[in-house]
Amino acid sequence: KQIEVSTPKRTKEIIARHGFSFKKSLGQNFLIDSNILNRIVDAAELSKDKAALEIGPGIGALTQRLAQEAGKVTAVEIDQRLIPILSEILAEEEHVDVVHGDVLQLDLAKLFQDKFAGFSKVSVVANLPYYVTTPILMKLLEEKLPLEHIVVMIQKEVAQRMAAKPGGKDYGSLSIAVQYYCTTEIVCMVPHTVFIPQPNVDSAVIKLSLRQQPAVAVDDEAFFFRVVQSAFAQRRKTLINNLLQLTGKEKRPQLTELLEQIEIDPGRRGETLSLDEYAKLSQALKASGL
Ligand code: SAM
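Residues numbered from 1 in each chain as written. Predicted model: local features only at pLDDT ≥ 70, side-chain atom pairs only at ≥ 80, totals over all residues.

A. Local environment of the overall build of the protein chain. Each helix and strand counted, the protein chain has 12 helices and nine strands in total. Taken over the C-alpha atoms alone, the protein chain extends approximately 70 × 40 × 30 Å along its principal axes. Here the protein chain holds 290 residues, and the buried ones make up 39% of them. (Helix = DSSP H or I, 4+ residues; strand = E, 2+ residues; numbered from the N terminus. Buried ≥ 20, exposed ≤ 12 C-beta atoms within 10 Å, placed from the backbone.)

Right, here's the structure in full:
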């Protein structure tokens, strides 16, 4: 049986033996708590007929656990210095591949073809580098990869924004973008003490489960997201004043009438509209040609 990586002692031993030094700029905070790892792995609902994509394996604490549960694991790591360490830690694991690269630059559709052929269920499971959490998640969702779940450790506030319901200060264009594609569940809050080195922020594990169909039906997705973006452009402004930035100020009478027709009060704020209301608004705006 393999020795577990995720204890403080073993983590320190590995990094000392390889002369590894942490790069803050790459969001390197390694997990040293097996209970949290268990929470992450359990939430991913893996089994030997499923595969996992890990982003940023570090020295392999989570990778090792994924290898125990999944039929195939591919881990993408940007830092060349970690590749020999991962080779050592994962030497016995024939169903684990480590890919050296920047996940934001990789052709993920091709990676899925190369690495996950024969697996109908693939989940992303990761302790993400915090400086690029949102771009990574938006890339995974927008490329419409055939994913089952995305279970990731991220900054607590970002998790709260992704899972937020209408009406509160956390609800914004990120909530809508994520909930359009996924149902959300906050798995647990995580204190900064379970990492080496400790980050300056608190973290949370969030589980995103991909919907079969987007939450709402819209004819033009890009336009829908543009409407959402503009509704939140300035949070203190009313919906109509934000939307006028999109249509041009001279359209106030027509826009007022359109909002009244679809029974959305022009004086509301963007943060009070549900996904359904945004879909209705984007459909009506598109049809009106405003
Ligand atoms: N999974 C390990 C753990 O839980 O201990 C390490 C997690 S650490 C928060 C984030 C990891 O992502 C680091 O190993 C870092 O080098 C890697 N990383 C940062 N940016 C990346 C990128 N753009 N593509 C792939 N990996 C990246």
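B. Quick look at the site of the ligand. Around the ligand sit 23 residues, and of these Phe30, Gly56, Gly58, Asn127 and Pro129 come closest. Going through the elements one at a time, strand E1 (30–31), helix H3 (61–69) and strand E3 (72–77) are the ones with two or more residues in the shell around the ligand. (Near = placed C-beta within 6 Å.)

C. Highlighting the UniProt feature "domain: Ribosomal RNA adenine methylase transferase N-terminal" (unreviewed entry) in the protein chain. Taking the UniProt record as the reference, the feature "domain: Ribosomal RNA adenine methylase transferase N-terminal" (unreviewed entry) is found at residues 36–212. As a span, residues 36–212 carries 33% helix and 28% strand, and end to end its C-alpha atoms are 29 Å apart. (UniProt positions renumbered as here; feature names shortened; annotations may be inferred.)

D. Region of interest: the packing of helix H9 (residues 221–231) against helix H10 (residues 239–247). H10 packs onto H9 with a crossing angle of 125° between their chain directions and a minimal axis gap of 8 Å. Classified by the interaxial angle, the pair formed by H9 and H10 is oblique. Where H9 crosses over H10, the handedness of that crossing is right-handed. Across from Val227, Ser230 and Ala231 in H9, the residues of H10 making contact are Leu239, Asn242, Leu243, Gln245 and Leu246. A class-by-class count of the residues in the contact of H9 with H10 yields five nonpolar, three polar and no charged. (Axes fitted to C-alpha atoms, helices over the stretch in contact; angles between N-to-C directions. Parallel < 35°, antiparallel > 145°, perpendicular 65-115°, else oblique. Left-handed = near helix turned anticlockwise from the far one by under 90°. Contact = placed C-beta atoms within 7 Å. Nonpolar A, V, L, I, M, F, W, Y, C, P; charged D, E, K, R; others polar.)

E. Expanded view of H9. Phe224, Val227, Val228 and Ala231 are the residues of H9 that are buried. With its buried residues spanning 100° around the axis, H9 presents them on a single face. On the buried face of H9, the contacting elements are helix H8 (173–181), H10 and helix H12 (275–288). (Arc of directions from axis to C-beta.)

F. Fine view of the environment of Val158. Examined against the element boundaries, Val158 turns out to sit in helix H7 (residues 156–163). Val158 gets classed as buried once you count the C-beta atoms within 10 Å, which come to 21. Spatially, the C-alpha atom of Val158 lies 32 Å from that of Gly248, the residues being 90 residues apart in sequence.

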